[in-house]
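Architecture at a glance
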Amino acid sequence: MSAEEFKSPSFWFSDLDAPVEPRAPLEGDGQFDVAIVGAGYTGLWTAYYLNQREPGCRIAVVEAETAGFGASGRNGGWCAYYYSGIESLLTDPNKRERGLALQRAMFDAVDEVGRASTASGVDCDYAKGGVLIAGRSQPELERLRTAYGEMRGYGFAEEDFRWLDANAFAERARIRGALGGIFSPHCAALQPAKLARGLASFIEARGVVVFEQSPVRTIEKGALTTDRGRIRADNVLRCTEGYSCRLPGLERAILPLHSMMVATEPLPEAVWKEIGLQGRPTFADHRRTVTYGQRTADDRLAFGTRGLYYYGSGIRDYFDPGDPAFSHTHATLLEFFPSLSDVEITHRWGGALGVTRDWMPFIQFDARTGLGAVGGYAGNGVAATNLAGRTLAELVLRETTERTSFAWVNHPSRKWEPEPLRWLGSQGVRRMGEWADAAEQKGRHAGIFGSIFDAFASH
Ligand SMILES: Cc1cc2nc3c(=O)[nH]c(=O)nc-3n(C[C@H](O)[C@H](O)[C@H](O)COP(=O)(O)OP(=O)(O)OC[C@H]3O[C@@H](n4cnc5c(N)ncnc54)[C@H](O)[C@@H]3O)c2cc1C
């Protein structure tokens, strides 16, 4: 595939300084110490930390498409403290200490992405402006206030999570209907594809071999195979997240859920004066069906909404710009900022993220076989992949550290249901979320719909 043939997976790819020239595929046989499947952030950070710790370690990264082609080159660029499933650790007194340690490590991971990318000369437009979450109706505000109270109750400080009344919120962002909300400094906005592509180039310059256009067909103890080659390695690590269901035997391990994004044209200073977001805080409201936005380094709004599942764990890498899902995402952006109704949407894209049956990410590593796997970030992987990569590198080096004792290491999740149950369940839960959101936006409590959504969308 040449650069001309390469189709851009997202605005972020179109915004790269140079067009993507796919690297050569794996041809023939190779021998390495560590073979990593997938060049998203998980695979790249794992290679990065292994290489930092053991420069002599022979590492290959084998990618089906190009580095960053998956969620890592398409996401909303929230490098955020949040870790999917953390609530189940924090609410259980027996698990709380471990949950708190993991949460603190996630705060640090947000900074580490900035530190490591700067130290590596990877300019990914990292700006640590924090995150703003708005309550846009009374019931939404109440749920948010409860979540805030819980976090403070677990011992997190005002410096970690600050409650803002409507005026204080409006000083930072003028989101329509915001009655108040939370500010946390533990989030940076970044340009996702610049981070993925930059990391791949950096590790390659340090001796890691990156093969692109090489879908891995089988993974076994000591080896992986593609259509045109085979690598033998003592350690073989699967970092394929939402795409894992395409590999034999993993059809029900991770559910690929799609998230959809739009980006506006660059907006003039007058618009920013009106809507705020100075310092590039990321922003969302507290609806159940998820929203996320950032002000980009070139002054666009990039905004997303989540929630599409395709029958049989179908994965779509490219979308028709007329896909109705984009109308929903655009309409939601206009709910936040109605004055943008005449602003042009220049880019529309979507991508698959991976969700386990209990919505908890996992880092599996078997020191006897050298086989490892990581994933299931449930749409919260930009910072978490960094922590996961550091942890997996330590596991591969057979080290015992605080990180290797975290709750997600060797955490088992049961399989998803077979079809058609998986599809029916996902449609039903999504509808419940939409009904709950609609009720709350009218100022009513979500009632049973909200309870059902909360019970199923996180367990
Ligand atoms: C639209 C969207 C918005 C998001 N927004 C945010 C956000 O703002 N903040 C946040 O924290 N998270 C967000 N996420 C989630 C986040 O992007 C992911 O959690 C994270 O990028 C996962 O990284 P990864 O390396 O594990 O997976 P991926 O980036 O998906 O990488 C997996 C790679 O493996 C490759 N691969 C798959 N199968 C094979 C195979 N058989 N052989 C070889 N290679 C293979 C794929 O091509 C892909 O490049 C979002 C996700 C999406 C889709």
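My aim in this report is to walk through the structure given alongside it, one point at a time. Keep in mind that this is a model prediction, so the values were computed, not measured. (Residues numbered from 1 in each chain as written. Predicted model: local features only at pLDDT ≥ 70, side-chain atom pairs only at ≥ 80, totals over all residues. Heavy atoms only, no water.)

Another aspect to go through is the pairing of strand 13 (residues 282-285). A two-sided burial pattern is seen for strand 13, the buried positions comprising Thr282 and Ala284 on one face and Phe283 and Asp285 on the other. Sheet topology note: the strand 4 (residues 131-134)/strand 13 ladder contains four bridges and is parallel. Its bridge partner lying in strand 13, Val131 is registered against Thr282. (Buried < 20%, exposed > 50% of the residue type's maximum accessible area, 1.4 Å probe, protein only. Helix = DSSP H or I, 4+ residues; strand = E, 2+ residues; numbered from the N terminus. Pairing = 2+ DSSP bridges.)

Overall, the coordinates contain 25 aromatic pairs when judged by the stated rule. Centre to centre, the rings of Tyr48 and Tyr49 are 4.9 Å apart; their planes meet at 80°, and the pair counts as edge-to-face. When its relative accessible area of 5% is taken as the criterion, Tyr48 is described as buried. Judged by relative accessible area, Tyr49 falls into the buried class, the value being 9%. Arranged with centres 5.1 Å apart and planes meeting at 50°, the rings of Trp435 and Phe449 form a pair that is tilted. Of the two residues, Trp435 sits in helix 11 (residues 421-441) while Phe449 sits in helix 12 (residues 447-456), which places them 14 residues apart along the sequence. Note on Trp435: relative accessible area 43%, which makes it partly exposed. Among the aromatic residues, those joined into a cluster by ring pairs are Tyr81, Tyr82, Phe107, Phe156 and Phe161. (Phe/Tyr/Trp six-rings, centres within 6.5 Å; stacked < 30°, edge-to-face > 60°.)

With that settled, consider the pattern of salt bridges. Going through the model one piece at a time under the given rule, you end up with 31 salt bridges. For Lys128, the salt bridge goes to Asp111, with nearest N and O atoms at 2.9 Å. Of the two residues, Lys128 sits in the loop between helix 4 (96-119) and strand 4 while Asp111 sits in helix 4, which places them 17 residues apart along the sequence. A relative accessible area of 39% means that Lys128 is categorised as partly exposed. Taking relative accessible area as the criterion, Asp111 reaches 26% and is therefore assigned partly exposed. Each of Arg23, Arg197, Glu204 and Glu212 takes part in one network of salt bridges that share partners. (Salt bridge = Lys/Arg side-chain N within 4 Å of Asp/Glu carboxyl O.)

End to end, helix 4 covers 34 Å across 24 residues, agreeing with the expected 34 Å (1.5 Å per residue, within 8%). A maximum bend of about 30° is found in helix 4 at Asp111. Positioned one or two residues after helix 4, Gly121 has a phi angle of 70°, which is positive. (Expected span 1.5 Å × (residues − 1). Bend = angle between axes of the 7 residues up to and from the residue.)

Another point: the site of the ligand. Near the ligand you find 35 residues, and of these Thr42, Glu63, Ser72, Val216 and Val382 are the closest. Interatomic distance of 3.0 Å between a backbone N/O atom of Tyr41 and an oxygen atom of the ligand. Burial of the ligand by the protein amounts to 96% of the accessible area it has alone, namely 1000 Å². Of all the secondary-structure elements, those providing two or more residues to the shell around the ligand are helix 2 (41-53) and strand 16 (345-355). The element contributing the most residues to the shell around the ligand is strand 16, with three residues. Tallied by class, residues from the shell around the ligand come to 16 nonpolar, 16 polar and three charged. (Near = heavy atom within 4 Å. Polar contact = N/O pair within 3.5 Å; in protein donor to acceptor, adjacent residues only side chain to side chain. Areas by Shrake-Rupley, 256 points an atom, 1.4 Å probe, with all protein chains shown as cover. Nonpolar A, V, L, I, M, F, W, Y, C, P; charged D, E, K, R; others polar.)

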